[in-house]
Amino acid sequence: MAEHDENVVWHPHSITREDRQQRQGHRGAVVWFTGLSGSGKSTLADAVEQQLFQQGVNTFLLDGDNVRHGLCRDLGFSDADRKENIRRVGEVAKLMADAGLLVLTAFISPHRSERQMVRELLDGDQFIEVFVDTPLHVCEARDPKGLYRKARAGELTNFTGIDAVYEAPEQPELHLDGEQFVTKLSDEIIDLLRRKDIIDL
Ligand SMILES: Nc1ncnc2c1ncn2[C@@H]1O[C@H](COP(=O)(O)OS(=O)(=O)O)[C@@H](OP(=O)(O)O)[C@H]1O
Ligand SMILES: Nc1ncnc2c1ncn2[C@@H]1O[C@H](COP(=O)(O)OP(=O)(O)O)[C@@H](O)[C@H]1O
């Protein structure tokens, strides 16, 4: 892949992130959900987005399943492809957060190094890592898409938690017990966003 071109120069713009935040009444940030397939990332991100949207926050939800139909349709599930998936999503999330949106992302993002890469793309308090910690046996029992069954049957390889690694976050901003009720978990997230002064609802 082509590296950064030294002949391409960054162009400063007159309207700043602060200008946008002032108009919108809240800060731009990225709430980054990570966890096994079936842990509840999409469900939770959707619940949080609904609450925030109804309160007038400008939100956007980037979801692995959806992004892989478009922006990342050329990528599979090798380590290299997952890394590129997260790199692209991280860059898009950053652009959206700079535009003032409260971005929610729901990607397995199994590797610490890639989550760290996204963290470093953003300002310190703009990246909120939420670990949806649901035990593998619970995710496997839920199996809403039948993918664990296929992985166990050997019909699907490189499946996270079965024959591909999931590296749990060591110091996430929020560590959630994914077996609790969705309403309780989404309240915990909204509380954190308030405490961090990202929203003021
Ligand atoms: N091999 C393998 N491993 C894991 N997941 C797989 C695989 N193949 C397909 N799927 C489906 O793709 C969804 C995960 O995509 P992500 O973009 O979130 O993955 S990653 O962050 O790049 O690891 C994931 O969605 P979620 O269940 O919502 O997590 C699966 O439905
Ligand atoms: N907190 C929860 N308690 C019980 N079931 C849940 C919870 N969160 C999600 N689920 C269910 O688990 C399944 C997987 O959730 P999903 O949000 O698709 O996970 P992910 O996006 O991490 O793959 C779905 O059937 C969903 O309804």
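Residues numbered from 1 in each chain as written. Chains lettered and ligands numbered in written order. Predicted model: local features only at pLDDT ≥ 70, side-chain atom pairs only at ≥ 80, totals over all residues. Heavy atoms only, no water.

- Naming follows an unreviewed UniProt entry, where the protein chain appears as Adenylyl-sulfate kinase of Tatumella terrea.
- The UniProt entry for the protein chain carries the following text under Catalytic activity (unreviewed entry): "adenosine 5'-phosphosulfate + ATP = 3'-phosphoadenylyl sulfate + ADP + H(+)". (UniProt positions renumbered as here; feature names shortened; annotations may be inferred.)

As for the UniProt feature "active site" (unreviewed entry) in the protein chain
Consideration 1: Those places that UniProt annotates as "active site" (unreviewed entry) correspond, in this numbering, to S109.
Consideration 2: Structurally, S109 is set in the loop between strand 3 (102-106) and helix 5 (112-121).
Consideration 3: Setting aside chain neighbours within four positions, we find S109 in contact with W32, F33, T34, I86, R115 and Y166. (Helix = DSSP H or I, 4+ residues; strand = E, 2+ residues; numbered from the N terminus. Contact = heavy atoms within 4.5 Å.)

Details of the site of ligand 1
Consideration 1: As a matter of local geometry, ligand 1 sits amid 20 residues, with S37, R68, R82, N85 and S109 nearest to it.
Consideration 2: A distance of 3.0 Å separates an oxygen atom of ligand 1 from a polar side-chain atom of K41.
Consideration 3: Relative to its free-state accessible area of 630 Å², ligand 1 is covered by the protein chains to the extent of 92%.
Consideration 4: More than half of the atoms belonging to ligand 1 lie within 2 Å of the grid points that define the largest pocket.
Consideration 5: Looking at the shell around ligand 1, the elements with two or more residues in it are helix 3 (64-67) and helix 4 (79-98).
Consideration 6: Considering every element that reaches the shell around ligand 1, the biggest residue donor is helix 4, with three residues. (Near = heavy atom within 4 Å. Polar contact = N/O pair within 3.5 Å; in protein donor to acceptor, adjacent residues only side chain to side chain. Areas by Shrake-Rupley, 256 points an atom, 1.4 Å probe, with all protein chains shown as cover. 1 Å grid on protein atoms, 1.4 Å probe; cavity = no way out; pocket = protein on both sides within 12 Å on 5 of 7 lines; lining within 4 Å. Sits in = over half its atoms within 2 Å of the grid points.)

Thoughts on the site of ligand 2
Consideration 1: Not every one of the 13 residues close to ligand 2 is listed here, only the nearest: G38, K41, S42, T43 and Q180.
Consideration 2: L36 places a main-chain nitrogen or oxygen 3.5 Å from an oxygen atom of ligand 2.
Consideration 3: R142 places a side-chain nitrogen or oxygen 3.4 Å from a nitrogen atom of ligand 2.
Consideration 4: A total of 560 Å² of accessible area belongs to ligand 2 in isolation, and the protein chains cover 71% of it.
Consideration 5: Assessed atom by atom at 2 Å from the grid points, ligand 2 resides in the largest pocket.
Consideration 6: Top contributing element to the shell around ligand 2 by residue count: helix 2 (residues 41-54), with three residues.
Consideration 7: Along the lines of polarity and charge, the residues of the shell around ligand 2 split into three nonpolar, eight polar and two charged. (Nonpolar A, V, L, I, M, F, W, Y, C, P; charged D, E, K, R; others polar.)

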